[in-house]
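Breakdown of the fold
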Amino acid sequence: AALKSVRFKLPGRNSGTLYERFKDLNDRKPLAANQDIPAADLVTLSFLPKGESSGTVYLSYTATDEKGNVCDGQVRITAEPTPVSLYFTDLDNTVWAIPSINFLRTYDVVKGKGKKRFQPNDNLKRGDFVLMLARAFNFQLNGSASFPDVPRNSYYAGAIAAAKSLGLIKGSGQNGSFRPEAEITRQEAATILFRVLQREQNLSAADLGYLTSYIDSGQIDTYAQTALATLIRDGVFEGSGARLYPNTPLTRPQMAVILHRPIT
């Protein structure tokens, strides 16, 4: 008989997420477990692969027809991240980050720096990192209280004010400055991202044992230890070999990868 509804078994978190009526990063509804999708609404479903994933994903389902008959089956989806940039012409030496950069540019989290240039060799500024987080996680840009060194007319002023009002960023020094034009270090970026994910995804803190395999873990400031351990546990943050380089500035391609992972 005619198809009535379909119920999907949700994919594992290492595969990706099945959404109902996905529009963009700030307007998406994950499919609930044991949810019956009317046949007419199947066209509204979208599968978003986990960042950097490659290979075949099988989505198991049970279908029911108008007479109550059921059958089981699978939808097969092949994830093939493209190694070619869809937007920028200067990423030949940064192939490992291209799928993440493509994704973030598609959803306007990153914009590039004009003339199809991403400038992958540039380190990331603190103000720019907060702005990208605001775009990715849809901060409501209605905060007014900011930091004394953040100009009110700057392009990242609204994002920084919103992040401060949400308790995601803090000032430093005697005057509570934010230093938006300073390069952000890897441990600083991890700390802010950890706070965001605690708020957005109820992320639980990890044991500091996740840091012990890195020979430079002693260089991690106390404030950043839990953040780095947690992001390492969840596969968001990685070292380079046996080192984490916590005090090294975060590059723009590295930023793209560590944002792509938790978003997906």
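Up top you'll find the structure we're talking about.
First, a word on what this report is: a plain description of the structure on this page. Note that this is a predicted model, so its numbers are computed, not measured. (Residues numbered from 1 in each chain as written. Predicted model: local features only at pLDDT ≥ 70, side-chain atom pairs only at ≥ 80, totals over all residues. Heavy atoms only, no water.)

1. Digging into the overall build of the protein chain
Rules: Strands here are runs of E lasting at least two residues and helices are runs of H or I lasting at least four, both read from the DSSP assignment and numbered beginning at the N terminus. Buried, partly exposed and exposed residues are distinguished by accessible area as a fraction of the type maximum, computed with a 1.4 Å probe on protein chains only: under 20%, between the cut-offs, and over 50%, respectively. It only takes one pair of heavy atoms within 4.5 Å for two residues to be counted as in contact. The charge count includes Lys and Arg as positive and Asp and Glu as negative, but it does not include His or the ends of the chains. A single reference atom marks each charge: NZ on Lys, CZ on Arg, CG on Asp, CD on Glu.
Regarding its fold elements, the protein chain presents six helices and seven strands. Starting at the N terminus and ending at the C terminus, the protein chain contains elements arranged as β-β-β-β-β-β-β-α-α-α-α-α-α. Dimensions along the principal axes, computed over C-alpha positions, put the protein chain at roughly 70 × 40 × 40 Å. Within the protein chain, buried positions represent 43% of all 264 residues. Taking all contacts inside the protein chain whose residues are at least 6 apart in sequence as the whole, residues at least 24 apart take part in 68%. Where the 31 positive side-chain charges of the protein chain centre and where its 25 negative ones centre are 3 Å apart.

2. Focus on the packing of helix 2 (residues 126-137) against helix 6 (residues 252-263)
Defined as follows: Where helices are involved, their axes are fitted lines through C-alpha atoms of the stretch in contact, as for all axes, and angles between N-to-C directions lie from 0 to 180°. When describing relative orientation, an angle under 35 degrees is termed roughly parallel and one over 145 degrees roughly antiparallel, while 65 to 115 degrees is termed roughly perpendicular and anything else oblique. Put simply, a crossing is left-handed when the front helix is turned counterclockwise from the back one by less than a right angle, and right-handed when it is turned clockwise. Classification used: nonpolar for Ala, Val, Leu, Ile, Met, Phe, Trp, Tyr, Cys and Pro, charged for Asp, Glu, Lys and Arg, polar for all others including Gly.
Contact pair helix 2 / helix 6: the axes reach a minimum separation of 12 Å and the direction vectors enclose 25 degrees. On the basis of the axis angle, helix 2 is roughly parallel to helix 6. The two elements helix 2 and helix 6 cross, and the hand of that crossing is right-handed. In this structure, helix 2 contributes F129, M132, L133, A136 and F137 to the contact, and helix 6 contributes R252, M255, L259 and I263. Among the residues forming the contact of helix 2 with helix 6, the class breakdown is eight nonpolar, no polar and one charged.

3. Side note on the sheet that holds strand 2 (residues 16-24)
How we decide: Criterion used throughout: strands pair if DSSP finds at least two bridges between them.
The three strands lie next to each other as 3-2-5, forming an open sheet whose pairing is antiparallel. Unpaired on one side and paired on the other, strand 3 (27-30) and strand 5 (45-49) mark the two borders of the sheet. Within the sheet, the average angular offset between the axes of one strand and its neighbour, ignoring direction, is 45 degrees. Of the strand pairs in this sheet, strand 2 and strand 3 are connected by three bridges, and their pairing is antiparallel. Note that in strand 3 the partner of Y19 across the bridge is P30.

4. Section: helix 2
Stated formally: Here the expected span of a helix is defined as 1.5 Å times the quantity of residues minus one.
With 12 residues, helix 2 should cover 16 Å at 1.5 Å per step; its first-to-last C-alpha distance of 17 Å lies within 8% of that length. The buried fraction of helix 2 is high, at 11 of 12 residues. All of the buried residues along helix 2 are R126, G127, D128, F129, V130, L131, M132, L133, A134, A136 and F137. On its buried face, helix 2 is in contact with helix 3 (157-165), helix 4 (186-201) and helix 6. Within two residues after helix 2, N138 carries a phi angle of roughly 60 degrees, on the positive side.

5. Regarding the nonpolar core
What counts is decided by this rule: Working definition of a nonpolar core: buried Ala, Val, Leu, Ile, Met, Phe, Trp, Tyr and Cys residues. They are joined through side-chain atoms within 4.5 Å.
Ranked by size, the top nonpolar core spans 64 residues in total, and within it F129, L193 and M255 carry the most contacts. Among the secondary structure elements, those contributing two or more residues to this core are strand 2, helix 1 (98-106), helix 2, helix 3, helix 4, helix 5 (222-233) and helix 6. For this core, the element with the most residues is helix 2, which contributes eight residues. Apart from the residues lying within four places of it in its own chain, the contact partners of F129 are L124, I184, A189, I192, L193, L250 and M255. Counting residues in each nonpolar core, the second largest holds 10 residues, with V6, F8, F47 and L59 among its members.

6. Concerning the packing of aromatic side chains
To keep things clear, this is the line we draw: By convention, a stacked pair of Phe, Tyr or Trp rings (six-membered ring in the case of Trp) has centres within 6.5 Å and planes under 30 degrees apart, an edge-to-face pair has planes over 60 apart, and any other such pair is tilted. Two conditions define a charge sitting above a ring: the NZ of Lys or the CZ of Arg must be within 6 Å of the ring centre, and it must be within 35 degrees of the ring normal.
Applying the stated criterion across every chain yields a total of eight aromatic pairs. Ring centres of F8 and Y61 lie 6.0 Å apart, and the angle between their planes is 65 degrees; on these two criteria the pair is classed as edge-to-face. Of the two residues, F8 is situated in strand 1 (residues 3-8) and Y61 in strand 6 (residues 55-65); the sequence distance between them amounts to 53 residues. With relative accessibility at 22%, the residue Y61 sits in the partly exposed group. One Lys or Arg, R252, reaches over the ring of F118 and ends 4.3 Å from the middle of that ring.

7. Some thoughts on the pattern of salt bridges
Where charged atoms of side chains with opposite charge meet at close range, the side chains can pair. How we decide: Any Lys or Arg side-chain nitrogen located within 4 Å of an Asp or Glu carboxyl oxygen qualifies as a salt bridge.
The tally for this structure, following the rule as stated, stands at 15 salt bridges. Notably, a salt bridge pairs E188 with R126, separated by 3.4 Å at the nearest N-O pair. Of this pair, E188 sits in helix 4 while R126 sits in helix 2, placing them 62 residues apart in sequence. There is no split in this pair, since E188 and R126 are both buried. Among the ionic pairs, R233 bridges to D234, the shortest N-O distance being 2.7 Å. On the accessibility criterion, R233 (26% relative accessible area) is partly exposed. Several salt bridges converge on common partners, so that one network encompasses E52, E238 and R261.

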